[in-house]
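Working through the structure, step by step
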Amino acid sequence: MSEHLTGPVAAEITSRLTEALGPTHLQVIDDSEKHRGHAGHDERGESHFTVEIESPRFVGMSRVERQRAVNSALAELLVERVHALAIKARAPGE
């Protein structure tokens, strides 16, 4: 499993997704600097992320179901700390 950690929010995203979805590949990318000065930018950083995740649990799930599973695992963070989340979710072999 691959990780690209930049701070405590990225670490928490990684922890929650690992526990909830058992990924075979996970990359958490902090895109916050690309959004400096835009709505939702948090001066503390770690407000915008891209998550690339591969999990056997996604087999048979639609794209929307996969995104809902990721959002569910991160629900509290999405309300409290994360302004934007791009999700690239796939099952093994896709």
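Our subject is the structure listed above.
Below: a short report on this structure. (Residues numbered from 1 in each chain as written. Predicted model: local features only at pLDDT ≥ 70, side-chain atom pairs only at ≥ 80, totals over all residues. Heavy atoms only, no water.)

Below, the discussion takes up the overall build of the protein chain. From N to C terminus, the protein chain includes 3 helices and 3 strands. Expressed as a percentage of the 94 residues in the protein chain, the buried residues total 40%. Within the protein chain, contacts between residues at least 6 apart in sequence are counted, and of these 64% link residues at least 24 apart. By element, 49% of the accessible surface of the protein chain is carried by carbon and sulfur atoms, the whole surface being about 5,200 Å². (Helix = DSSP H or I, 4+ residues; strand = E, 2+ residues; numbered from the N terminus. Buried < 20%, exposed > 50% of the residue type's maximum accessible area, 1.4 Å probe, protein only. Contact = heavy atoms within 4.5 Å. Areas by Shrake-Rupley, 256 points an atom, 1.4 Å probe, with all protein chains shown as cover.)

For glutamate 46, the position within the fold is in the loop between strand E1 (25-30) and strand E2 (48-54). The charged side chain of glutamate 46 is buried without a salt bridge, its nearest counter-charge being arginine 81 at 4.7 Å. Among the polar contacts made by the side chain of glutamate 46, one reaches the main-chain amide nitrogen of alanine 10 at a distance of 2.9 Å. (Lys, Arg positive; Asp, Glu negative; His and termini not counted. Salt bridge = Lys/Arg side-chain N within 4 Å of Asp/Glu carboxyl O. Polar contact = N/O pair within 3.5 Å; in protein donor to acceptor, adjacent residues only side chain to side chain.)

Let us now look at helix H2 (residues 63-73). Along H2, the positions that sit buried rather than exposed are Arg66, Ala69, Val70 and Ala73. Down the axis, H2 shows its buried residues gathered within 95° of arc, on one side only. When the buried face of H2 is taken as reference, the exposed residues oriented beyond 90 degrees from it are Arg68 and Ser72. (Arc of directions from axis to C-beta.)

Under the counting rule described, the total for this entry stands at 5 salt bridges. With a shortest N-O distance of 2.6 Å, arginine 16 and glutamate 12 are connected by a salt bridge. Within this pair, arginine 16 and its partner glutamate 12 are both found in helix H1 (residues 8-21), separated by 4 residues, close to a single helical turn. Since its relative accessible area comes to 31%, glutamate 12 is described here as partly exposed. Here glutamate 94 ties to arginine 66 by a salt bridge, and the two come within 2.7 Å at their closest N and O atoms. Of this pair, glutamate 94 sits in the segment after strand E3 (84-90) while arginine 66 sits in helix H2, and the two are 28 residues apart along the sequence. For glutamate 94, a relative accessible area of 56% translates into the label exposed.

As a further point, take the sheet that holds E3. Backbone-to-backbone hydrogen bonds pair the strands of a sheet. The strands run either parallel or antiparallel. Spatially, 3 strands are ordered E1-E2-E3 in an open sheet, and the strand pairing comes out mixed. Edge positions in the open sheet fall to E1 and E3, since each of these has one partner strand only. The sheet shows a mean angle of 10° between the axes of neighbouring strands, taken without regard to direction. Packed onto the sheet, H1 meets E1 and E2 and runs at close to 30° relative to E2. (Pairing = 2+ DSSP bridges. Axes fitted to C-alpha atoms, helices over the stretch in contact; angles between N-to-C directions.)

Bear in mind that shape data such as this cannot, by itself, settle questions of function.
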